[in-house]
Amino acid sequence: MSMRTALRLLLPLLAAAVLAACSPGGGQDVADATPVRTGEVVAKDNRFDPVAVEVPTGTTVTWRFEDGPVPHDVTGDGWKSGEPQSEGSYRHAFDQPGTYDYRCTVHSGMKGRVVVTG
């Protein structure tokens, strides 16, 4: 097989692998995610895990930043973790029932949701 033929066969596979690896949302749409009952979210591999959480009113949710040198933040409507960080954690208390969407301002496809029950 010539080098040209090999490249012609490998380039589409390589492109697909790169696109899959760079997919910031981990492949799951926030709107379709079933909330997990936990108060902890991990920012890793350019996604929030779990993408949606459900907590009772008055719960403080903790986001841990564990993506090596890759910085992230957590930004919702009226609350923000501050400057992007690649380690440590951020905590936010949810005192009112409702659905709170948030995102990473560094990676546009990195989104999550907190569902607060009454």
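Residues numbered from 1 in each chain as written. Predicted model: local features only at pLDDT ≥ 70, side-chain atom pairs only at ≥ 80, totals over all residues. Heavy atoms only, no water.

1. Things to note about the environment of T117
No. 1: As for its position among the elements, T117 is in strand 9 (residues 111-117).
No. 2: Using a relative accessible area of 28% as the deciding quantity, one classes T117 as partly exposed.
No. 3: In the structure, T117 is positioned 58 residues away from T59 in sequence and 9.9 Å away in space, judged by C-alpha atoms.
No. 4: Residues within four places of T117 in sequence aside, it is in contact with E54, V55, P56, T57 and P97. (Helix = DSSP H or I, 4+ residues; strand = E, 2+ residues; numbered from the N terminus. Buried < 20%, exposed > 50% of the residue type's maximum accessible area, 1.4 Å probe, protein only. Contact = heavy atoms within 4.5 Å.)

2. Re the side chain of T62
No. 1: Along the chain, T62 turns up in strand 4 (residues 59-65).
No. 2: In this structure T62 comes out as buried when scored by relative accessible area, which is 13%.
No. 3: Not counting the four nearest positions on each side in its chain, T62 is found in contact with G39, E40, V41, S89, Y90 and R91.

3. A word on the pattern of salt bridges
No. 1: Tallying each qualifying case throughout the model produces six salt bridges.
No. 2: Where E40 meets R64, a salt bridge forms, and the shortest distance between an N and an O atom there is 2.6 Å. Residue E40 is located in strand 1 (residues 40-44), and its partner R64 is located in strand 4; the two are separated by 24 residues in the primary sequence.
No. 3: Relative accessible area serves as the criterion here: at 33%, E40 is assigned to the partly exposed category.
No. 4: Among the residues examined, R64 registers a relative accessible area of 28% and is labelled partly exposed.
No. 5: Between R113 and D101 there is a salt bridge whose closest N-O contact spans 2.6 Å. (Salt bridge = Lys/Arg side-chain N within 4 Å of Asp/Glu carboxyl O.)

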